[in-house]
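# Structural description and commentary
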Amino acid sequence: MEGNQIKQRENWGSRIGFLMAAAGSAVGLGNIWRFPYTAGENGGGAFVIIYTIFALIIGISIMLAEFTVGRRTSLSAVGAYKSYSKKWTFAGALGVLSAFFIMGFYPVVGGWSLAYVFKSFSGLLANPEAIGTTFEAFMSNPIQPIIWMIIYLALNVIIVAKGISGGIEKAGKVLMPTLFVLLIFISIRSISLPGASAGLEFLFKPDWSKVNGATILAALGQAFFSLSLGMGCMITYGSYLSKSENLPSNATIVTILDTCIAILAGIAIFPGVFAFGLEPTAGPGLVFVVVPSVFAELGGAGVLFSVVFFIAFTVAALTSSVSLLEVVTSYLIDQKNVPRKTGVTSASIIMIATSILSSLSLGVMSGFKIFGAGIFDFLDILTDKIFLAIGGMFIAIFTGWVIKKEDLKEETTNGGKLKFSLFEAWYFLLKYVIPILIFFVALMGIFAIEQ
Ligand code: PHE
């Protein structure tokens, strides 16, 4: 079969609903938690520039490729690949595996964020000097973060069990705009701190001497992670998309929005890092230390701001992790014919087990290493630096070489109804440039990490 299944499939309720859900999947911990600390660890400005270029060129192209494949086939990742060629099933399976692995650490951070909503209430900000040590102690505690992680995952299960337009879409529609407004607010506050300019300089002034193969791979991996690409998530979301939607414009809007939010998060975080004399290379705790510190200065109002920030942060994380859970669930529904509820439950049981190990690897199990990294870091590095980039390379090769050019043209122009003037450029990028580029970046990066 040529991948143009005619089958009644659940659709997104409205255009804005889809955009919000796709943007909701993209905008998450990747932007607010991961982008700032990865930029910090990779020297700031130069990393930010490389990341932005990757997001705009490779990101938009791959996102459009995923939407196109998803809508063309009306199937989620594995089924979509398989419907063209059985030989390509592995590429879809790799995506499902990536979703499992990401969901092996993402809920841990989601749980931290949820915990911080309550910690903000209960005196976290009262003692600004202790904010850093409080985070360290919390993160490495064997029990507390696990309880929060389980509550966080339970929220995911509830949303995904309700199905596409019922749960995911409604959650995204209300909560994503709230987050955006909040981040702008925090950025303004952060920029007005004394010493803020050093943070802005770190974020925007490139120091090219800090760039090596590892930085470039980190930027590529971060772009894929942040845009939810390279593992079939946007194929799955695209499969619920109505035939009248404009795919190129949706892909462009989501990518630009996601990139703006990452940079906005950087503007919110780095001035604070420098104003409080923290290290930009402090790693995964950055947001959890800087944001409460920024707000601690504001007294009682600060507590309120901190609570609202962590609510919005948790919601951003939720709208992303539900998309990861959806990848696995829709695979089980489409390929294994299980009912939605059974799919969600069985997937999440495995995710709980892995996330418990991840959480413990930051404390009592920190001595247990896989290739020199704890479980949390291992899953993060494996997906972000290897699986997603390779998954992105596969989707580019698949669209460039397996699907017929006329079919791509037909799908991206809605059967000739829309004008897509950059079609040839997009096709060329997918067929030649992106696969080769990803291959070399991955090779260079792995080589640099090895050293
Ligand atoms: N893009 C999400 C974030 O930035 C994470 C994610 C990755 C979601 C891959 C789906 C697929 O947090």
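If you look the protein chain up in an unreviewed UniProt entry, it shows as Transporter from Maledivibacter halophilus. Recorded in UniProt for the protein chain, the comment headed Subcellular location (unreviewed entry) runs: "Membrane". Under Sequence similarities (unreviewed entry), UniProt gives the following word-for-word description of the protein chain: "Belongs to the sodium:neurotransmitter symporter (SNF) (TC 2.A.22) family."

Looking now at the overall build of the protein chain. In terms of helices and strands, the protein chain carries 19 helices and 0 strands. The C-alpha atoms of the protein chain give 21 Å as radius of gyration, which agrees with the globular expectation for 451 residues (22 Å, within 12%). Overall, the C-alpha framework of the protein chain stretches about 65 × 50 × 40 Å when taken along its three principal axes. For the protein chain, buried positions account for 56% of its 451 residues. Summarising the internal contacts of the protein chain: among those between residues at least 6 apart in sequence, 85% fall at separations of at least 24.

In this section: the site of the ligand. The immediate surroundings of the ligand are formed by 15 residues, with Gly28, Gly30, Ser228, Cys233 and Ser320 found nearest. Taken together, the elements giving at least two residues each to the shell around the ligand come down to helix H1 (15–26), helix H2 (29–41), helix H11 (213–226) and helix H15 (300–336). Among the residues forming the shell around the ligand, the class breakdown is 7 nonpolar, 8 polar and no charged.

Further remarks concern the environment of Asp334. Its location among the elements puts Asp334 in helix H15. Along the backbone, Asp334 and Gln222 are 112 residues apart, and their C-alpha atoms lie at a distance of 29 Å. Setting aside residues up to four positions removed in sequence, Asp334 forms contacts with Leu75, Ser76 and Gly79.

All right, on to helix H8 (residues 144–161) then. An ideal rise of 1.5 Å per residue puts 26 Å on 18 residues; H8 measures up with 26 Å between its terminal C-alpha atoms. Taken as a whole, H8 has its buried residues at Pro145, Trp148, Met149, Tyr152, Leu153, Asn156, Val157, Ile159 and Val160.

Moving on, we come to the environment of Arg72. Of note, Arg72 is situated in helix H3 (residues 45–73). Judged by C-beta crowding, with 26 C-beta atoms within 10 Å, Arg72 ranks as buried.

Below, the discussion takes up the packing of helix H6 (residues 106–121) against H8. In contact at an axis separation of 7 Å, H6 and H8 are set at 100° when each is read in the N-to-C sense. The angle between H6 and H8 falls in the class roughly perpendicular. Here Pro107, Val108, Gly110, Gly111, Trp112, Leu114 and Ala115 of H6 lie close against H8, whose contacting residues are Pro145, Trp148, Met149, Ile151, Tyr152 and Leu153. In terms of residue class, the contact of H6 with H8 is made up of 11 nonpolar, 2 polar and no charged.

This brings us to unusual backbone geometry. Even without being glycine, Ser228 reaches a positive phi, approximately 60°. With respect to the helices, strands and loops of the structure, Ser228 is situated in the loop between H11 and helix H12 (233–239). Here Asn337, not a glycine, exhibits a phi torsion of approximately 55°, which is positive. Tracing the backbone shows Asn337 in the loop between H15 and helix H16 (340–360).

A separate point is the environment of Leu422. The residue Leu422 is located in the loop between helix H18 (405–412) and helix H19 (423–450) in this model. Separated by 103 residues in sequence, Leu422 and Thr319 place their C-alpha atoms 31 Å apart.

Right, let's talk about helix H10 (residues 196–204) for a bit. Restricting attention to buried positions, one finds in H10 the residues Gly199, Phe202 and Leu203. Looking straight down H10, one finds that the buried residues subtend no more than 95° of arc, so they occupy a single side. Packing partners of the buried residues in H10 comprise H2, H3 and helix H13 (247–275).

Cut-offs applied
- Residues numbered from 1 in each chain as written.
- Predicted model: local features only at pLDDT ≥ 70, side-chain atom pairs only at ≥ 80, totals over all residues.
- UniProt positions renumbered as here; feature names shortened; annotations may be inferred.
- Helix = DSSP H or I, 4+ residues; strand = E, 2+ residues; numbered from the N terminus.
- Rg over C-alpha atoms; globule rule 2.2 N^0.38 Å.
- Buried ≥ 20, exposed ≤ 12 C-beta atoms within 10 Å, placed from the backbone.
- Contact = placed C-beta atoms within 7 Å.
- Near = placed C-beta within 6 Å.
- Nonpolar A, V, L, I, M, F, W, Y, C, P; charged D, E, K, R; others polar.
- Expected span 1.5 Å × (residues − 1).
- Axes fitted to C-alpha atoms, helices over the stretch in contact; angles between N-to-C directions.
- Parallel < 35°, antiparallel > 145°, perpendicular 65-115°, else oblique.
- Arc of directions from axis to C-beta.

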